[in-house]
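Each chain, written out:
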Amino acid sequence: MRIFTIITIFYACLYHYSYGQSVGASSLAKEIAAYPVGYYKKATEISQNLYNGRQYYMYDARAEEHQFFNERKWRKGVVRYDGQQFDSVAMMYDILKDELVIKHFNGDHILLQSEKVDFFWLEQHNFQRLESGKDVNEQMRTGFYDILYNGKTRTIMRRTKQRQEKIVDKSVIPQFPPKDFFYILKDGRYHSVHTKKSVFALFPEHKKELRRVLREPKIRFRKNREVAITRIAARYDELAKP
């Protein structure tokens, strides 16, 4: 609508000057004509940078299970890409390939270059790209990590999926079972945790108090590791304050 309005104003101005003046009308018309074109280029310069990736092809689109985070649906999110932040971007996160996909305004699926994505917010989750040996331990993979808790005892989660195939009535049915990895930052390094025992082992001095974090609201660790680990880390920060 904005571009349409500018073009309309341009033609109105052009008509006015060509009707009322004969001297210099041609040069003036050229100056006016250059304005909407320049305005359009300036207004779309950043967006063109975002939507300039290669096309993403939707694989296993008919399968009941899928490779994406939460749902196989476009959701509006925020992404910081190539130094610029973009709001209200339709996106999906391919967990299997660890790639962020956005929807072009013409309907195409665009794959962003992962090394240019600093972070993205999707469905109230903050995913940050962390580099091996720099942001995380050397043995941890470079990629997107879900920041579950961003306090002193930082807690992050690596979400992954594996593609498997099942034969049903001579048909190949793809499946995408999830496999998640949790890490807690303590003493300058990330520690891999998966069981309740491994989490409490990081905080032996407050083990008794931390058990209450799960007992009082009746959080079952195996069924809800994400919430349990996050609450334990947050509670430890409270107990460890000088």
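Described in the following lines is the structure provided in the data block. Throughout this description, residue numbers start from 1 for each chain and increase along the sequence as written. Owing to the predicted nature of the model, reporting of local features is limited to residues with pLDDT of at least 70; listing and counting of side-chain atom pairs is limited to 80 or more, with chain, interface and lining totals taken over all residues. Calculation of side-chain values draws on the structure's entire complement of heavy atoms; hydrogens and water are dropped beforehand.

### Quick look at unusual backbone geometry
Then, number 1: Residue Asp82 is not a glycine yet carries a positive backbone phi of 55 degrees.
Then, number 2: Within the secondary structure layout, Asp82 lies in the loop between β2 (75–81) and β3 (84–94).
Then, number 3: Positive phi, close to 65 degrees, is recorded for Gln124, a residue that is not glycine.
Then, number 4: Every helix listed is a DSSP run of H or I at least four residues long, and every strand listed is a run of E at least two residues long, numbered separately from the N terminus. Here Gln124 lies in the loop between β6 (117–122) and β7 (125–130).

### Section: the side chain of His125
Then, number 1: Tracing the chain through its elements places His125 in strand β7.
Then, number 2: Excluding residues within four positions of it along the chain, His125 makes contact with Phe69, Phe120, Asp146, Arg159 and Glu226. By the convention used here, residues are in contact when the closest approach between their heavy atoms is within 4.5 Å.

### Let's talk about the pattern of salt bridges
Then, number 1: Salt-bridge detection follows one rule: a side-chain nitrogen of Lys or Arg within 4 Å of a carboxyl oxygen of Asp or Glu. The full count for this structure, using the stated rule, is twelve salt bridges.
Then, number 2: Here Arg159 and Asp146 are joined by a salt bridge, their closest N and O atoms 2.9 Å apart. Of the two residues, Arg159 sits in strand β9 (residues 155–161) while Asp146 sits in strand β8 (residues 143–149), which places them 13 residues apart along the sequence.
Then, number 3: Note on exposure labels: buried denotes an accessible area under 20% of the residue type's maximum, exposed denotes more than 50%, and partly exposed covers the range between, all computed with a 1.4 Å probe on protein chains only. On the basis of relative accessibility, which here comes to 10%, the residue Arg159 falls in the buried class.
Then, number 4: A residue is classified by how much of its surface remains accessible, and Asp146, at 1% relative accessible area, is buried.
Then, number 5: Taking the shortest distance from any N to any O, the salt bridge between Asp187 and Lys186 comes out at 3.6 Å.
Then, number 6: Exposure remark for Lys186: the relative accessible area of 16% places this residue in the buried category.
Then, number 7: Via salt bridges that share partners, Asp60, Arg163 and Glu165 belong to a single interconnected network.

### A few points about the pairing of β8
Then, number 1: β8 sits mainly inside the fold: seven of its seven residues count as buried.
Then, number 2: As paired strands, β7 and β8 are joined by four bridges and run antiparallel to one another. Bridge pairing in β8 links Phe127 to Asp146.
Then, number 3: Bridge analysis of β8 against β9 gives three bridges, and the strand direction is antiparallel. Bridged to Tyr149 within β9 is Thr155.
Then, number 4: Following DSSP output, two strands are said to pair if at least two bridges run between them. Hairpin connection, β8 to β9: the antiparallel pair is bridged by five residues.

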